[in-house]
Amino acid sequence: MIRIGVSPRLFHPEPGARGVHTKLLDYLEHSVADWIGSRGALAFLLPLSDRAGDYAQALDGLVLQGGADISPLAYGEAPLKPEWAGDALRDRYEIALVRAFTAARKPVLGICRGAQLINVALGGSLHQDVPAHRTQDYDLHAHEVRLEPESGLARLYGESGPRRVVSIHHQAIKRLAPNLVVEARAEDGVIEAVRGTGASYVCAVQWHPEFHGGRDGFLDGGPLLDEFLQAARQ
């Protein structure tokens with residue numbers, strides 16, 4: 001059975017809190033686990049640690065889930081606003097995971113923040129804020145994407161059909177990392193998907209395929225998951 005590691009979201013202790021909110025928590029949005037499990041794979045949350053290399057050896061693939069901003073310090077910039085300082089602790093851990101899994105030739109799939117993190121981990125940078133894509137609607141916010149002709153996603157989904165996605169973000173890929181190519185863009189040109197050109201499978205989408213199940217007119221997340229899991233089987 002395929003074993004997929006999922007990077008954790010982090011809940012940091014809150015000043016003045018009591019009980020569990022005084023602790024650092026690793027957590028997984030359940031829709032991601034359900035999506036991975038929909039094809040029979042097992043999802044394992046990878047708690048914050050210094051054992052990225054061990055996880056890469058023990059598991060068949062890695063999924064980076066969404067969540068907090070990436071610290072601009074990770075790509076050599078200062079935050080333009082204090083609230084965009086991101087989560088440097090999570091950044092360092094996920095960068096280590098990406099590098100460990102790719103070094104082990106294990107596939108990596110990024111979702112939302114995960115797409116941005118992969119780009120930074122491989123040497124790219126981000127727009128700190130894209131106001132047109134900023135929203136409070138979470139899984140209710142959607143827009144169209146354009147798949148790049150002859151890209152991996154175009155081959156996967158065909159040249160026509162639903163292209164509507166749930167996409168929630170205000171950071172976005174700016175300078176594309178070496179060894180990545182653009183797979184899809186929003187109608188305003190913002191990069192919405194990338195794919196690695198190296199020996200190890202790397203693919204990332206700015207949208208949330210785990211939110212598309214059963215929603216008429218939305219890009220089916222199944223083919224993307226199938227492709228990722230096939231790479232994990234190999």
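One can find the structure itself at the top, above this paragraph.
So, here is what we can say about the structure in this document. What you are looking at is a predicted structure, and each value in this text was computed from that prediction instead of being measured. (Residues numbered from 1 in each chain as written. Predicted model: local features only at pLDDT ≥ 70, side-chain atom pairs only at ≥ 80, totals over all residues. Heavy atoms only, no water.)

Regarding the overall build of the chain
Part 1 of the argument: A tally of helices and strands in the chain yields 6 helices and 13 strands.
Part 2 of the argument: Taking 234 residues into account, the globule formula puts the C-alpha radius of gyration at 17 Å, and the chain, at 17 Å, falls close to it.
Part 3 of the argument: If one aligns the C-alpha atoms of the chain with their principal axes, the spans along those axes are about 55 × 40 × 35 Å.
Part 4 of the argument: Looking at the chain residue by residue over its 234 residues, the buried ones come to 51%.
Part 5 of the argument: Long-range pairs, those at least 24 residues apart, make up 69% of the contacts in the chain between residues at least 6 apart in sequence.
Part 6 of the argument: Only carbon and sulfur atoms are counted for the fraction: they give 51% of the accessible area of the chain, which is about 10700 Å².
Part 7 of the argument: Of the side-chain charges in the chain, 24 are positive and 29 negative, and the distance between the mean point of each set is 5 Å. (Helix = DSSP H or I, 4+ residues; strand = E, 2+ residues; numbered from the N terminus. Rg over C-alpha atoms; globule rule 2.2 N^0.38 Å. Buried < 20%, exposed > 50% of the residue type's maximum accessible area, 1.4 Å probe, protein only. Contact = heavy atoms within 4.5 Å. Areas by Shrake-Rupley, 256 points an atom, 1.4 Å probe, with all protein chains shown as cover. Lys, Arg positive; Asp, Glu negative; His and termini not counted. Charge placed at Lys NZ, Arg CZ, Asp CG, Glu CD.)

Describing the sheet that holds strand β6 (residues 108–111)
Part 1 of the argument: One open sheet holds the 9 strands; their spatial order is β4-β1-β5-β6-β13-β12-β11-β8-β9, and the pairing between them is mixed. In this open sheet, the two strands that pair with only one neighbour each are β4 (42–45) and β9 (164–166). Going from strand to strand, the sheet's axes swing by 25 degrees on average, the running direction of each strand aside.
Part 2 of the argument: Summarising the sheet, strand β8 (residues 142–147) and strand β11 (residues 180–186) pair through 3 bridges and their orientation is antiparallel. Residue pairing for β11: leucine 147 is matched across the bridge by alanine 184. (Pairing = 2+ DSSP bridges. Axes fitted to C-alpha atoms, helices over the stretch in contact; angles between N-to-C directions.)

Remarks on the side chain of histidine 143
Part 1 of the argument: Here histidine 143 is to be found in strand β8.
Part 2 of the argument: Histidine 143 gets classed as buried once you look at its relative accessible area, which sits at 14%.
Part 3 of the argument: Among the polar contacts made by the side chain of histidine 143, one reaches the side chain of glutamate 192 at a distance of 3.4 Å. (Polar contact = N/O pair within 3.5 Å; in protein donor to acceptor, adjacent residues only side chain to side chain.)

A few points about unusual backbone geometry
Where the residue is not glycine, phi is negative for most of them; where a peptide bond is considered, it is trans in most cases.
Part 1 of the argument: You will see that glutamate 150, though not glycine, has its phi angle at about 65 degrees, which is positive.
Part 2 of the argument: Looking at the secondary structure, you find glutamate 150 in the loop between β8 and α5 (152–157).
Part 3 of the argument: By relative accessible area, which is 68% here, glutamate 150 ends up exposed.
Part 4 of the argument: Unlike most non-glycine residues, asparagine 179 shows phi in positive territory, near 70 degrees.
Part 5 of the argument: For asparagine 179, the position within the fold is in the loop between β10 (172–173) and β11.
Part 6 of the argument: Taking the relative accessible area as the measure of exposure, asparagine 179 reaches 55% and is therefore exposed.

Describing the environment of tryptophan 84
Part 1 of the argument: For tryptophan 84, the position within the fold is in the loop between β5 (61–64) and α3 (88–103).
Part 2 of the argument: When the C-alpha atoms of tryptophan 84 and proline 72 are compared, they prove to be 8.0 Å apart, with 12 residues separating the residues in sequence.
Part 3 of the argument: When residues no more than four places from it in sequence are discounted, the contact partners of tryptophan 84 are Asp69, Ile70, Pro72, Pro79, Gln128, Asp129 and His170.

Things to note about a nonpolar patch on the surface
Part 1 of the argument: A contiguous nonpolar patch, built from Met1, Leu42 and Phe44 and spanning about 320 Å² of accessible area, is present on the exposed surface.
Part 2 of the argument: Note that methionine 1 resides in the segment before β1 (3–6). (Patch = residues over 30% accessible without salt bridge, like charges linked within 9 Å, V, L, I, M, F, W, Y side chains within 5 Å. Salt bridge = Lys/Arg side-chain N within 4 Å of Asp/Glu carboxyl O.)

Focus on the packing of aromatic side chains
Part 1 of the argument: Going through the model one piece at a time under the given rule, you end up with 1 aromatic pair.
Part 2 of the argument: When the centroid spacing of 6.2 Å and the interplanar angle of 45 degrees are considered together, the rings of tyrosine 201 and phenylalanine 228 count as tilted. Taken together, the residues span a long stretch of sequence, with tyrosine 201 in the loop between β12 (191–196) and β13 (202–205) and phenylalanine 228 in helix α6 (residues 222–233) at a distance of 27 residues. Across the pair, phenylalanine 228 and tyrosine 201 agree in class, each one buried. (Phe/Tyr/Trp six-rings, centres within 6.5 Å; stacked < 30°, edge-to-face > 60°.)

A short note on α6
Part 1 of the argument: Given a rise of 1.5 Å per residue, 12 residues ought to cover 16 Å, and the 16 Å separating the end C-alpha atoms of α6 matches this to within 8%.
Part 2 of the argument: Every buried residue belonging to α6 is among Gly222, Leu224, Leu225, Phe228, Leu229, Ala231 and Ala232, and all of these are buried.
Part 3 of the argument: Residues of α6 that are buried sit in contact with β1, α1 (30–37), β5, β6, α5 and β13. (Expected span 1.5 Å × (residues − 1).)

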